[in-house]
Number of protein chains: 2
Amino acid sequence: MPETTRRADRLSGSRYGNRPTMKDVAARAGVGLKTVSRVVNGEPGVTPDTERRVQEAIDALGFRRNDSARVLRKGRTASIGLVLEDLADPFYGPLSRAVEEVARAHGALLINGSSAEDPEREQELALALCARRVDGLVIIPAGDDHRYLEPEIRAGVATVFVDRPAGKIDADVVLSDNFGGARDGVAHLIAHGHRRIGFIGDMPGIHTASERLRGYRAAMENAGIPVEDGWMSLGATDPERVRRAAEEMLAAASPVTAVFTGNNRVTVTVIRVLAEHSRPVALVGFDDIELADLLRPGVTVVAQDAAALGRTAAERLFRQLDGSLVAPERIELPTRLITRGSGELPPAG
Amino acid sequence: MPETTRRADRLSGSRYGNRPTMKDVAARAGVGLKTVSRVVNGEPGVTPDTERRVQEAIDALGFRRNDSARVLRKGRTASIGLVLEDLADPFYGPLSRAVEEVARAHGALLINGSSAEDPEREQELALALCARRVDGLVIIPAGDDHRYLEPEIRAGVATVFVDRPAGKIDADVVLSDNFGGARDGVAHLIAHGHRRIGFIGDMPGIHTASERLRGYRAAMENAGIPVEDGWMSLGATDPERVRRAAEEMLAAASPVTAVFTGNNRVTVTVIRVLAEHSRPVALVGFDDIELADLLRPGVTVVAQDAAALGRTAAERLFRQLDGSLVAPERIELPTRLITRGSGELPPAG
DNA sequence: CCCGCATCTGACAACGTTGTCCAGGCTCTA
DNA sequence: TAGAGCCTGGACAACGTTGTCAGATGCGGG
């Protein structure tokens, strides 16, 4: 006789896991089920007196509407998912926060998870979010094949990719101008007299990394400088390898006089190496880093606006949900060169 | 005749918002509803041949289980909520990530939101998460009254507070040793010969801030140093006010020779002020900051382990859900003094 | 005094899934 | 070959909510 047991537990109020339902509230208030629903949702057509009785019952029982059931009935969850690479990376905090603020403005909750740069985990996470029936997904891709999302998108899940483009499907994408930013950063070094310029970046398999590399090559080519072997280090992600790469460039027979670094983590490591180095070496880094202005010299960077990326993507997501959007688009946000000293050092040696 | 319409849409596959259900899969595979459920959940009792047919139907239709319905039926959502102050703050990134990893290890998703330091928003968010029927909540309190959670906790929502204690309810709390850390940091300055030491921190209404202030006072008292008016600045949160406060302390008739800063944001601003100051002033800050080792002098800090806070809290949450936990507890994690130079400067002037 | 109308209320089905339980078909043994 | 027992598959109810629709109630006017 489970019904009896449950009622007893509920009345005693001590047992975990049994929450009062609208039915319980209705029984206590002596009204119908639907009337409770009306009160909870602020629908019209309830006399003040009835409303008061219902409200009292709600408070007395500690009732809270079960949104799972609501979602099941209504179809929309008023929540969106965010799949990013690593929340602990300072670049993603503001991005995530920006997405959240837009979601909040649309009355939606944000569910997020980290892919840890693992394509399989990205897929697992994205599909788990779809199973929760999020209304939309903002994805910072780890993998390069997103066809697994096709059924979801067809089923109406709004989808926007950020920071890196979607792989093998046609979808909205919001990016920084990685190519242009890197090109301008390297050109800045060239303008200050450098010709032997190193590039240290992530694996070229990652879109942002290859675009920035392309920018480096373009700037060098525009200036008519042939790039020598040993000036480029790709795929060095962990500090140890970045350090080795930087040291090799600086110790070569004809060492580089400037370095362009492909992301914030690389930049930080290279700053450490340069700090130990005797001769001054110019540096421009992609991504801004905190306290960059307080170092001596200050660190010149190509800054992207992480918050703007997140905001733009989220706004586009909700416009998809509004139905006011049709064709997928690729949006590129400009980067900004912030000069602080390290990029303006003249060539030494 | 809505049924007909829906079926047609589904077959055409073009209209948004209609997803295939197990019923559809069953019809297509020519099996019963429950058999599909069994296949989807990997339950035993299905012949390989039937399983194959079902799987084909699933793939063909792009079916994905609706977890909302599942949750409704099963009672548990396998998701936990995290309410924090501001994801954009570098302190919370690693904390959030640590919570996520623990959740993942337990097969749960993480839903998070920022309170923006607003008690009302904290409550709104926490209750919204409860309405989604998260299994548990990790909360970094913005407010100081959490009685609104009593019905939820009684109903079985596991709850752990982090970084600051819960207000007016008895609940699990995981904190850093704010008092001890601040006391030791200030004692460190005293040990290096300082007697005129300033304190710049957040509003004393915030628990961490008042504990750190208490630590400052204790260290001074232990050393028999009376604290003068004007050595303490409380409630300065925005950079402008912090800057003014620091400048006043340094410009006073008998200026402070060292400063203890109450959190990372304050520390960063004070570093800027000190960089412009002529005489060297010692500094110890609460919270570690990135690149602190690269500044000259390096910044001595009292570091808390944000990831450990998050991990400890999340683990405790899941132990509550296991039922292996009974009485609420208060856990205090140690802080660590990291000497890098700024805290070891001798008194000047 | 009765009818019509507006207002308020509640019974019922449906959302998509899972747990329970039973039916039918099979194998194995006596 | 009949009966017992096992395995597979499916019918049905339930989870807690909301939309639909019809019934009840009260009021004013004819």
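Going by the annotation in an unreviewed UniProt entry, the name recorded for chain A is LacI family transcriptional regulator, with Streptomyces shenzhenensis given as the source organism.

Chemist: Is there a simple way to explain the sheet that holds strand E8 (residues 258–261) of chain A in this structure?
Modeler: In a beta sheet, neighbouring strands pair by backbone hydrogen bonds and run either parallel or antiparallel. All names here are of chain A. Strand order in the open sheet made by the 6 strands is E7-E6-E8-E9-E10-E12, with mixed pairing throughout. The open sheet has two edge strands with one neighbour each: strand E7 (232–234) and strand E12 (336–338). Each neighbouring strand pair of the sheet contributes to a mean axis angle of 15°, computed without reference to strand direction. Pairing of strand E6 (residues 197–201) with E8 involves 4 bridges; the strand directions are parallel. Directly across from Phe199, in E8, lies its bridge partner Phe260. Most of the contacts of helix H10 (residues 207–222) go to E6, to which it runs at about 170°, and overall it touches E6, E7 and strand E9 (282–286).

Chemist: I would appreciate a short explanation of the UniProt feature "domain: HTH lacI-type" (unreviewed entry) in chain A in the present structure.
Modeler: Per the UniProt record, "domain: HTH lacI-type" (unreviewed entry) is found at residues 20–74 of chain A. End C-alpha to end C-alpha, residues 20–74 of chain A measures 21 Å, and it is 69% helix and 0% strand.

Chemist: What am I meant to see in the pairing of E9 of chain A here?
Modeler: Both faces of the sheet carry side chains from a regular strand, because those side chains alternate between them. Residue and element names in this part refer to chain A. Most of E9 is tucked away: 5 of the 5 residues are buried. Neither face of E9 is open: one carries Ala282, Val284 and Phe286, the other Leu283 and Gly285, and all of them are buried. Note that E8 and E9 share 4 bridges and pair parallel. Counterpart to Ala258 in the pairing with E9 is Ala282.

Chemist: Explain the relation of the copies chain B and chain A here, please?
Modeler: The operation relating the two chain copies consists of a rotation about an axis and a shift along that axis. Between chain B and chain A, the superposition needs a rotation of 180° and an axial shift of 0.0 Å, giving an RMSD of 0.1 Å. Within this description, the copies of the chain are treated as partners about a two-fold rotation axis. Considering only C-alpha atoms, the part of chain B nearest the rotation axis is Ile111 of chain B, at 2.1 Å. Most of the interface of chain B is mirrored in chain A: 100% of its interface residues are interface residues there too.

Chemist: Before we go on, may I ask you to explain the protein's contact with DNA strand D in this structure?
Modeler: As a matter of local geometry, DNA strand D sits amid 27 residues, with Met22 and Arg73 of chain A together with Gly32, Thr47 and Thr50 of chain B nearest to it. At the protein interface, 62% of the atoms of DNA strand D within 4 Å belong to sugar or phosphate. Within the backbone of Asn66 of chain A, a nitrogen or oxygen atom sits 3.1 Å from a phosphate oxygen of DNA strand D. Between DNA strand D and Gly32 of chain B there is a distance of 2.4 Å, counted from a phosphate oxygen to a backbone nitrogen or oxygen. Elements represented by at least two residues in the surface near DNA strand D include exactly helix H3 (33–40) and helix H5 (67–74) of chain A together with helix H3 (33–40) and helix H5 (67–74) of chain B. Considering only residue class, the surface near DNA strand D consists of 8 nonpolar, 9 polar and 10 charged.

Chemist: Where do I start with the pattern of salt bridges in this structure?
Modeler: Side-chain pairs of opposite charge can arise where the charged atoms are in close proximity. Scanning the model with the defined rule gives 59 salt bridges over all chains in all. When the shortest N-O distance is used, the salt bridge between Asp67 of chain A and Arg65 of chain A registers 3.2 Å. Put simply, Asp86 and Arg121 of chain A together with Arg97, Glu100 and Glu101 of chain B are held in one network by salt bridges that share partners.

Conventions adopted
- Residues numbered from 1 in each chain as written.
- Chains lettered and ligands numbered in written order.
- Predicted model: local features only at pLDDT ≥ 70, side-chain atom pairs only at ≥ 80, totals over all residues.
- Heavy atoms only, no water.
- Pairing = 2+ DSSP bridges.
- Helix = DSSP H or I, 4+ residues; strand = E, 2+ residues; numbered from the N terminus.
- Axes fitted to C-alpha atoms, helices over the stretch in contact; angles between N-to-C directions.
- Contact = heavy atoms within 4.5 Å.
- UniProt positions renumbered as here; feature names shortened; annotations may be inferred.
- Buried < 20%, exposed > 50% of the residue type's maximum accessible area, 1.4 Å probe, protein only.
- Least-squares fit on C-alpha atoms with pLDDT ≥ 70 in both.
- Near = heavy atom within 4 Å.
- Polar contact = N/O pair within 3.5 Å; in protein donor to acceptor, adjacent residues only side chain to side chain.
- Nonpolar A, V, L, I, M, F, W, Y, C, P; charged D, E, K, R; others polar.
- Salt bridge = Lys/Arg side-chain N within 4 Å of Asp/Glu carboxyl O.

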